Each structure stands twice: as C-alpha cells, then as structure tokens.
Amino acid sequence: MFRKIFAGVIGVIVVAAVGLIGFLLVAPPDLLRVGTNYSAKIVCSNVFLAGRDAGEVLAEDVQAPGHPLLRHISVTVDEDERAVDARLFRFFAPARSEYRPGLGCTNVHGAALSDAEFEPVTADAQGLWPEGNEVAPSQDAEIDAVLSDGALLGPGYRAVVVVRGGRIVGETYAEGFDAETPLLGWSMTKTVTAGLIGTLIASGEMTRDGDLTGSFPAWSEDDRSAITVEDMLAMSSGLEWNEGYGNVTDVTSMLYLTDDMAGYASNKPLAAEIGAEFTYSSGTSTMLSRRWQDVVGDDSLSYPRDALFGPLGMSSAVMETDAEDTYVGSSYMYATARDWARFGQFLLQDGSWGGARLLPEGFTDWMEAPVAASEGRYGQGHLWLEGARNGAQFADAFWMRGHDGQSVGIFPSEDMVIVRLGLTPSDLGYSALPLAEALIAAFEG
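Definitions and cut-offs
Residues numbered from 1 in each chain as written. Predicted model: local features only at pLDDT ≥ 70, side-chain atom pairs only at ≥ 80, totals over all residues. Heavy atoms only, no water. Buried < 20%, exposed > 50% of the residue type's maximum accessible area, 1.4 Å probe, protein only. Helix = DSSP H or I, 4+ residues; strand = E, 2+ residues; numbered from the N terminus. Arc of directions from axis to C-beta. Contact = heavy atoms within 4.5 Å. Polar contact = N/O pair within 3.5 Å; in protein donor to acceptor, adjacent residues only side chain to side chain. Salt bridge = Lys/Arg side-chain N within 4 Å of Asp/Glu carboxyl O. Phe/Tyr/Trp six-rings, centres within 6.5 Å; stacked < 30°, edge-to-face > 60°. Lys NZ or Arg CZ within 6 Å of the ring centre and 35° of its normal. Pairing = 2+ DSSP bridges. Axes fitted to C-alpha atoms, helices over the stretch in contact; angles between N-to-C directions.

Q: If you had to explain helix 3 (residues 54–63) to someone new, which residues and values would you point to?
A: Taken together, the buried positions of helix 3 are Ala 54, Val 57, Leu 58, Asp 61, Val 62 and Gln 63. Within helix 3, the buried residues cover an arc of 155° as seen down the axis, which keeps them to one side. Buried residues in helix 3 make contact with helix 2 (30–48), strand 1 (73–78) and strand 5 (157–164). Structurally, the start of helix 3 carries an N-cap: the backbone nitrogen of Gly 55 is 3.1 Å from a side-chain oxygen of Asp 53.

Q: Lay out the environment of Glu 324 with the relevant residues and their values.
A: One can find Glu 324 in the loop between strand 8 (318–319) and strand 9 (333–335). Along the sequence, Glu 324 and Thr 122 sit 202 residues apart, while their C-alpha atoms lie 26 Å from each other.

Q: Kindly report on the pattern of salt bridges, identifying the contributing residues and their values.
A: Inspection of every chain in the model, using the stated rule, returns 21 salt bridges. A salt bridge links Arg 52 to Asp 61, with the nearest nitrogen and oxygen atoms 2.9 Å apart. For Asp 61, a relative accessible area of 7% puts it in the buried group.

Q: How would you sum up the packing of aromatic side chains? Please name residues and give values.
A: Throughout the structure, instances matching the rule amount to 16 aromatic pairs. When the centroid spacing of 6.3 Å and the interplanar angle of 80° are considered together, the rings of Phe 278 and Trp 384 count as edge-to-face. Of the two residues, Phe 278 is situated in the loop between helix 9 (261–266) and helix 10 (282–296) and Trp 384 in strand 13 (residues 383–384); the sequence distance between them amounts to 106 residues. In this structure, Phe 278 and Trp 384 share a single accessibility class: buried. For Trp 384, a relative accessible area of 11% puts it in the buried group. What links up through ring pairs into an aromatic cluster is the set Phe 278, Tyr 280, Tyr 378 and Trp 384. Positioned over the ring face of Tyr 332 is Lys 41, at 4.0 Å from the centre of the ring. Just above the ring of Phe 443 sits the side chain of Arg 164; from NZ or CZ to the centre is 4.4 Å.

Q: Can you lay out the pairing of strand 4 (residues 104–108) for me, pointing to particular residues and giving the numbers?
A: Across the five residues of strand 4, five count as buried, placing the element largely inside the fold. Two strands pair when backbone bridges link them, and strand 3 (residues 92–100) and strand 4 are joined in this way by five bridges, in the antiparallel orientation. Directly across from Tyr 99, in strand 4, lies its bridge partner Cys 105.

Q: Provide a residue-level description of the sheet that holds strand 7 (residues 183–184), including the pertinent values.
A: Taken in spatial order, the three strands make up an open sheet running 7-9-8, and their pairing is antiparallel. Two strands close off the open sheet at either side, each with one partner strand: strand 7 and strand 8. Relative to strand 9, strand 7 runs antiparallel, the two sharing two bridges. Looking at strand 9, one finds that Leu 183 is bridged to Ala 335.

Q: Give me the pairing of strand 14 (residues 398–402): which residues, what numbers.
A: Within strand 14, four of the five residues are buried, which leaves it mostly tucked inside the rest of the structure. Looking at chain direction, strand 14 and strand 15 (residues 406–411) are connected through five bridges and run antiparallel. Bridge pairing links Trp 399 to Gly 409 in strand 15.

Q: Outline the sheet that holds strand 3, supporting the account with residue identities and numerical values.
A: Reading across from one edge, 1-2-3-4 is the order of the four strands in this open sheet, with antiparallel pairing throughout. Each having just a single partner strand, strand 1 and strand 4 make up the two edges of the open sheet. Geometrically, the sheet is characterised by an average inter-axis angle of 25° between neighbouring strands, direction not taken into account. Contacting strand 1, strand 2 (83–88), strand 3 and strand 4, helix 2 runs over the sheet at an angle of about 30° to strand 3.

Here is the structure:
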C-alpha cells in the first residue's frame, strides 16, 4: 500500500514538473520575459557599443544590483550576427537583442529589424574640449580632493566630469572605465528628446501647442485629441501610466515586452484632466520620439546625428530604437561622460554652439520653468528642479537625471556643469547634490 501511495505521489510530482516545464517553455510569465529581455538588452549594448566583456556586464550590471531571479540568467553573444540571446536556467523565457551600427541594440519579439544603419559622428576636431577632446591636467588640489572622495562620488560611480567656464577642469573614472567608455544615461535621454524637438521648433516644423493626432490617429476620436506637445513635455498629458520598476508595469512592458513601444504607450486612456496632474512617464517621451520622427520623415533615423550630435561634436552618442525604428527617447542613449557634458554645456549656453543657434532663443529658460502640476519639482522641457534649488548657489540650477544614479547638473550662476554616471540603485540613497556643493565650495576657496 505504501509503495502504491509513494509511487502515486511521485507520479503527481513528475506530471506537475513536466507541466511546469512545458508551461515555461511555451508561455513563460511576463516577469520572466522582462528579466531575460532586460539582460539581453543591457549586455548587447555594453558589448557592441562600449566594448565591455559580456560576462562582466551580466554579473556587475544585471545580476549584482537586480532581482535574485536575474542570477539564473545566462547570455550568449553571437559576434557574427551581432546579437545577444538570454535565457533563464539556460532554457526558459528566451530573449534576443540585435545590434545595428549607429542605432545600437534593439530587443526583438518575433519582428525582423530593418536594414537601417549609418556611420556615427566622426571625431576629427583637434584641441581642447569641447572643440576637440583634449583635457588639460588638473592644477587644483582642492578639486582633485573632491574627486577622490568616495562618499561624494557615491557607490558604483563610473565617471565624473566637471566643466567650468566652458572647459573641463576635473574628471575621474572608476577602474575599468575611461574617457572613451560610452555609458547609458537612462532617463537623461528624455532631455535630449526635448532638445531634438526644440531644433524642430526652431526650424518651424513643430510647435509646442501642436497636437499628436498625426502620429496617433485614434486620439482624434476622443478627448486625447486635445493633448499637445507641451503637455507631454511637462509630463501632464493626463494619460494613464505606471512607471514602477522591479515588476511587470507599463514601463517594463513597454521597454521589454513589445516591438512597438510608442504604439503600446499611445493606447493608454486618459486617467486625469489634461494638464492637471503630473505623471512621470517614459511612455510620454517615447511617443514624442515617434511624433518628431513622423515630422522629419524619411531621414528621421539620422536626424539626431545631423541636428545635434554632429554640431555638438558628440561623436560617441548613440540613441537606440525599438523594432519599429522609433527612438526610445525615454531611456536609451549611450555617450561618454565628456559627451554628456557637451549636452549639458549646450543647455547652459541656451541652445547655442560654436556661434550657431540650434534651439530657439530662450528655449532652455522655458524648459526649466516649473510645471505647476509638479509642485515645482519638474521643468516644462523634461528637466528636474527638485533638490537642485536648495540654497542661494543653486537658485537657478536644473538637472538631467536618469535611473541608477545618472545626472547632469547645470549651474548657470556658477558657469558650471557636473556629470555623474554610474550604477547606483536608488535604494542606496545617493544624491549628487553634496558633490556639487563640495565642488562649488572648492572653486570659491
């Protein structure tokens, strides 16, 4: 009798195990797919854009700071096909990210990528940064002391660049990273998206009060037709959105489970009165990318290079797309710390560079004007004000900010830009504000 019961229990366990394995193979839960797609994407971009080792990226960038489940993900790099595949427990929830020159890496979910690719900006200018890429050695012991303080740099820092008076006056890099390493800006990409829109406003091809129904025709059938570019830049569109990370939410579904990210975000209904509530949304910025690309037309994939990166000498900068060739203007831009500093300096100079005006006069003043619905935390053009304006020395400061501790602080009164890049999860509580305070004090000293 015992043997029969034991055999029956084992049989049930085997059947359940086989069923679970079959389920994971055929229809893995979305949470597992988010994990493998995230892993494939991060490894792909860092291998093919930054030239880093795949195993190191998986261990340090994906597994160490992430969900425990990520520790059971493995990746395979195919150099010939320029692709990275990821799986959980080597079999489940397969994901793939493919690289294209000039466009970086893209997750694919059954779709075939277009043949689009192009050469990046060439770096042939000579001389001191920002005209060239030469940096004079630091002569300031106080600045060097600040840039040697691990507490100020923060856990997981990878690069810090300090610009004052239009020149780099100090920089430091963590072991394994240097001035030539492209680093992911995450949501700092949003501000670059606002800058691209600004160039089109300057040329008269877009307006801040223009609607978006040209890119999202379904909106013409309901109240979403009243949403303007300005509403979207201010994160006050009224559209439903969940920006939570660490689970399956709107932002992780958009970034890791769909080929058409702008289409996914544009299907969200209104959840609030337009302009009345502040809702931070990566879907918003990706939809704005789709809009400006539709305005530009056939040359939209080369437009960031032609309109901004080329003129600013940002030779390392690469924005990445989804499988529909929409730039992921919310999250995916890689650039060296020096090139991120170039963009910060560009904003400090009110959108002018090398004697040419690329943004409308006063556009950056408009970008940093507080959004009423944000209670002063956010500027109208994808910029952060929260935490930047404490104290007289920060009265006019504003920030580009991104996931895991990325920031570009712009301090007009100090004629200064501070770039800080790294891998610093928010639960560590790091802020770049003390670093800025220490640098300002060092200059005053």
